[in-house]
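Secondary and tertiary structure notes
Given next are the chains, with one letter for each unit.
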Amino acid sequence: MGGVRRVAIETARASTGEPSVESPKIDPAPLNVVRMTPPVEATLRILLNSVPYLIGAAVVRQPAVGDAVEAQVGRMPWLHDRRLLTLQLPDDSLPANRAILLDWPVPYQAEWVGVPPRLLISRLVTQDRTVGVLLGTLISRDQVSAGAREALDLSCELIAAAVGSDSLATLSAPSAVEEPRRLVVVPDEPMREPESSLVIAMPTESEPVLDPKDEQDERDRQVVDEVARALDELTDARSIGRVLRDAVTAIAGVDGFSVALFNSVRREVAYRYKVVGSDPDSAEMGRQAIDDGPDCYAARHDRRWHGFVREIGVRGPEGVEARKISVLQYPLIAADEIFGVATLQIFGDTGFSDHATRLVLRVIEVSSDRLAAVRRAARFQPSLSPQESAAAAVLPPVAAAPFPVPADPSTEAPTTDQILNDLVTNCGEIGLPTTFMVGVDPAAGLLRGELISSSPAARELDYALGISAGRFTIELSDRYNAIARACREGRIVTSPTLEELVHPLRDADGAATLERLVQGGRSTIIPISVSGDVVGALVVGPMSDEPGFSTVVKVRDLVNDTASRLAEAWRTKP
C-alpha cells in the first residue's frame, strides 16, 4: 500500500495548497482509495512472482468516480497518469481479461531509475460488465513466455471476479463513507451505476474459458471437418482439387497449388490440377515447371512432407531477375501406395509456418482416399452422365474389395527404405562398418543425408553432421565436394580426406577434428543409378585405410543389385 499512500499524500498536498516539488503543474482530481481486499492483494502478489520482470501492478475500478484505485503492489508510476485512472473503455478497445503490453510514456513527475518500462494493461470483465482495469509495470522488451502469458490471463480472470463481486456488494449496500485522517476526499455525488449499453463480444464468464491452444485445436478441427463435408459428393479430381485449392489458400496463403495423380501402370503423371495467382510473377511461376512426378523426392521417400527452396527467373523492367520460391510437397498415400503429390508454392525463402504445414497435412489426409478412388476410376473431369452412381467412384480401398484376402508378407514388394537399409546392412556384413547414404533432390539441386550404419564411428559422424536426420545437405553443383562430383559425373570417386566429404558444412579445422574423432578420413563414393538417372550415392567410409579393389567390386555389385530392386519397386508401385 506504500504506492497508494504516496498518491494520497500528493492529493492532500494539492488540496491544502502545499507546493509540490515533483509535480508543480498537476492538480489531481479527488482520489478515492478503496480498501484492498485480501483476494485481490493475494492475486497481485502471486502475479508478481509468476511473471518475470513484472515489478508492480494495480487495479483501477471502472467506472470511476474521480480517481479510484482498488489495490496496488510494487512500483506503479502510471498511478499519477489520470488518463489511465479515469479510462472509459469501449468493448472493442481491449480484449476481456487478456493482458497486452504498450509502450506508454512514464509521467514526468514519477521517479524512475532503469530501463524504460512497458505498460501492462487488461480490461477486467465479469458478468458481462467491465469492472476495472489491471495496470502493470514490466521492465523487459522480451516476449512474454507461454507460461507467463497463462499466469497473466488466469490472474485477470481471478481479479475480475474478485473486483466484480466487491463492486456489486458496494452498489447494493447503503453508501456510508468515513474520512480517515483527511487522506481520502470523497465527492458529494453518489457513485453512478455502470452503463449497460456496452455489447460484449467475448464469451460470458459463466461459459468455460478455453486455453488458447485448445481454441486453436478446435478451429483446426472445424476447418478439417468443413473440407470433409465439401468433399462428400465430389466424384472427380478437378472438383476435389478446387476444394483443396480453396482450403490451402485460406490456411497458408499460397501463390501456387497443384495436385498430380500418377498413372497406375507407367511412371508418369496421369492428371494434374494446377492453379497460380493472377499476377505476372505467379503466372511465370506456373510456366516454369516443378518436378511432382513419380520420381520426385517427395514421392520416393516415406516422409509426411518435403520442403525446399527453388529459384525462377522473372522478367522485370530491369531485365530478368531471380525470385526465390518456398515449396512444400505432400505425398498422397492410400493403402500404403504413393499415388500422387500435392505441391504448395509461395514467393520468398521463409517457408511455411509449422502450424500451417501440419494443418494442410490433415486436409490432404482427409482427401487422400477420395483422390485415390477417382484416380482408380480415371474420373479426372466432372462426369457428363449424372445417372452414374457416385458411390462407385468414391469407395475407399477397403470397402471396394467385398472379399478382402489377407496379403502374404513374403510376397509383398519391399519399400524403398527397406531396399536401402538392406544395402547398408550388407555392407556391414562384408566388413565395412562405416557407410552412409545420400539421396539426390533434383528439384532443389541438393544432396540430402538418408541412412547411416550403426557402428560407433558412424554414430559419432551422424551426431556431428545429422545424416539420418536430413540436416546433411550439399549443393549438387558444389565443385569441391567429392559426393557431389560423383553424382554429377556418375562415376566412382575416392576421397583421401574427410574435408572433401563435408565441404562446405565444415572448414578445414572442423573437418580435421571430426576426422580424428571417427579415426579416419578415407572414403569411396559409389553413385546409385536407376534407369539412367543418379538418385543417390553410397559413401564407404570414412575409415583409416582405403578399401581394397575386391572390396570395391563387391560394394559395386551390391549397389547395382540395389538399383535393380529400386527400379522394380518403383515400376510396380508408382
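Refer to the structure above for everything that follows.
**Details of the overall build of the protein chain**
Helices and strands together make up the secondary structure of the protein chain, namely 17 helices and 17 strands. Across the 574 residues that make up the protein chain, the buried fraction comes to 44%. Considering only contacts in the protein chain between residues 6 or more positions apart, those separated by 24 or more positions represent 63%. Carbon and sulfur atoms form 53% of the exposed surface of the protein chain, whose accessible area is close to 29700 Å².

**Quick notes on the side chain of T524**
Looking at the secondary structure, you find T524 in strand β16 (residues 522-530). Not counting residues up to four positions away in its chain, the partners in contact with T524 are I492, V493, T494, L538, V539, V540 and P547.

**Some points on the pairing of strand β7 (residues 256-262)**
Each regular strand displays side chains that alternate between the two surfaces of the sheet. Burial of β7 is extensive: seven of the seven residues sit out of reach of the surface. Burial of β7 is two-sided: the residues G256, S258, A260 and F262 facing one way and the residues F257, V259 and L261 facing the other way are all buried. Sheet topology places β7 next to strand β11 (residues 337-347); six bridges connect them, and they run antiparallel. When the bridges of β11 are listed, F257 appears paired with L344.

**As for helix α14 (residues 482-489)**
Summarising burial for α14: six of the eight residues are buried, a large majority. Those residues of α14 that fall on the buried side of the exposure criterion are A482, I483, A484, R485, A486 and C487. With a side-chain oxygen lying 2.9 Å from the backbone nitrogen of I483, the N-terminal cap of α14 falls on N481. The first or second residue beyond α14 is G490, which carries a positive phi of 65°.

**Comments concerning the packing of aromatic side chains**
The full count for this structure, using the stated rule, is two aromatic pairs. Between the aromatic rings of Y271 and F380, the centroid separation amounts to 5.1 Å while the plane-to-plane angle is 5°, which identifies the pairing as stacked. You can see Y271 sitting in strand β8 (residues 269-276) and its partner F380 sitting in the loop between α9 (354-376) and α10 (391-394), a full 109 residues away along the chain. Note on F380: relative accessible area 17%, which makes it buried. Judged by centre distance (6.0 Å) and plane angle (80°), the ring pair of F436 and F472 falls under edge-to-face. With F436 in strand β12 (residues 435-441) and F472 in the loop between α13 (456-465) and β14 (473-475), this residue pair connects regions lying 36 residues apart in the sequence. According to the relative accessible area criterion, F472 is buried, its value standing at 1%. The residue whose ring lies beneath R448 is Y297, and the NZ or CZ to ring-centre distance is 5.8 Å.

**Remarks on the environment of L461**
Take L461: it is sitting in helix α13. Its relative accessible area of 1% is what places L461 among the buried residues. A sequence separation of 81 residues divides L461 from P542, and the C-alpha atoms of the two residues are 9.0 Å apart. Not counting the four nearest positions on each side in its chain, L461 is found in contact with F436, I452, G466, I467, L514, V518 and P542.

**Some thoughts on the sheet that holds strand β13 (residues 446-452)**
On the basis of which strands lie adjacent, the open sheet formed by six strands has the order β14-β13-β12-β17-β16-β15 and antiparallel pairing. Of all the strands in the sheet, the pair left with one neighbour each is β14 and β15 (493-495). Across the sheet, the mean angle from the axis of one strand to that of its neighbour is 25°, orientation sign disregarded. Two strands pair when backbone bridges link them, and β12 and strand β17 (residues 533-543) are joined in this way by five bridges, in the antiparallel orientation. The residue of β17 that forms the bridge with M437 is L538. Along the sheet face, α14 touches β12, β13, β14, β15, β16 and β17 and points at about 145° away from the line of β17.

**Remarks on the sheet that holds β8**
Pairing is antiparallel in the open sheet, where five strands are placed in the order β8-β7-β11-β10-β9. Lying at the two open borders of the sheet, with one neighbouring strand each, are β8 and β9 (306-316). Here the strands of the sheet are splayed against their neighbours by 20° on average, with no regard to which way each runs. In this sheet, β11 lies alongside strand β10 (residues 319-334) in antiparallel orientation, the contact comprising ten bridges. Of the residues in β11, the one forming a bridge with Y330 is A342. Of the strands in this sheet, β7, β8, β9, β10 and β11 touch helix α7 (residues 280-287), which is tilted by about 115° from β9. On the sheet, α9 packs against β7, β10 and β11 and is oriented at approximately 60° with respect to β10.

**Some remarks on unusual backbone geometry**
H503 connects to P504 through a cis peptide bond whose omega is 0°. Note that P504 resides in the loop between α15 (499-502) and α16 (508-518). In this chain, G541 is followed by P542 through a cis amide linkage whose omega measures 5°. On the secondary structure map, P542 appears in strand β17. Even without being a glycine, D336 presents a positive backbone phi close to 60°. With respect to the helices, strands and loops of the structure, D336 is situated in the loop between β10 and β11. In the Ramachandran plot, S531 falls in the positive-phi region, its phi being about 55° despite a non-glycine side chain. Here S531 is to be found in the loop between β16 and β17. Look at S531 and you get exposed, because its relative accessible area is 69%.

**Overview of the packing of helix α6 (residues 237-252) against α9**
Taken N-terminus to C-terminus, the directions of α6 and α9 make an angle of 175°; their axes are 10 Å apart at the nearest point. With respect to α9, the axis of α6 lies roughly antiparallel. Residues A237, I240, L244, A247, V248, I251 and A252 of α6 lie in contact with α9, whose contacting residues are A356, L359, V360, V363, I364, S367, R370, L371 and V374. Here the residues of the contact of α6 with α9 are counted per class, giving 14 nonpolar, one polar and one charged.

Cut-offs and rules
Residues numbered from 1 in each chain as written. Predicted model: local features only at pLDDT ≥ 70, side-chain atom pairs only at ≥ 80, totals over all residues. Heavy atoms only, no water. Helix = DSSP H or I, 4+ residues; strand = E, 2+ residues; numbered from the N terminus. Buried < 20%, exposed > 50% of the residue type's maximum accessible area, 1.4 Å probe, protein only. Contact = heavy atoms within 4.5 Å. Areas by Shrake-Rupley, 256 points an atom, 1.4 Å probe, with all protein chains shown as cover. Pairing = 2+ DSSP bridges. Polar contact = N/O pair within 3.5 Å; in protein donor to acceptor, adjacent residues only side chain to side chain. Phe/Tyr/Trp six-rings, centres within 6.5 Å; stacked < 30°, edge-to-face > 60°. Lys NZ or Arg CZ within 6 Å of the ring centre and 35° of its normal. Axes fitted to C-alpha atoms, helices over the stretch in contact; angles between N-to-C directions. Parallel < 35°, antiparallel > 145°, perpendicular 65-115°, else oblique. Nonpolar A, V, L, I, M, F, W, Y, C, P; charged D, E, K, R; others polar.

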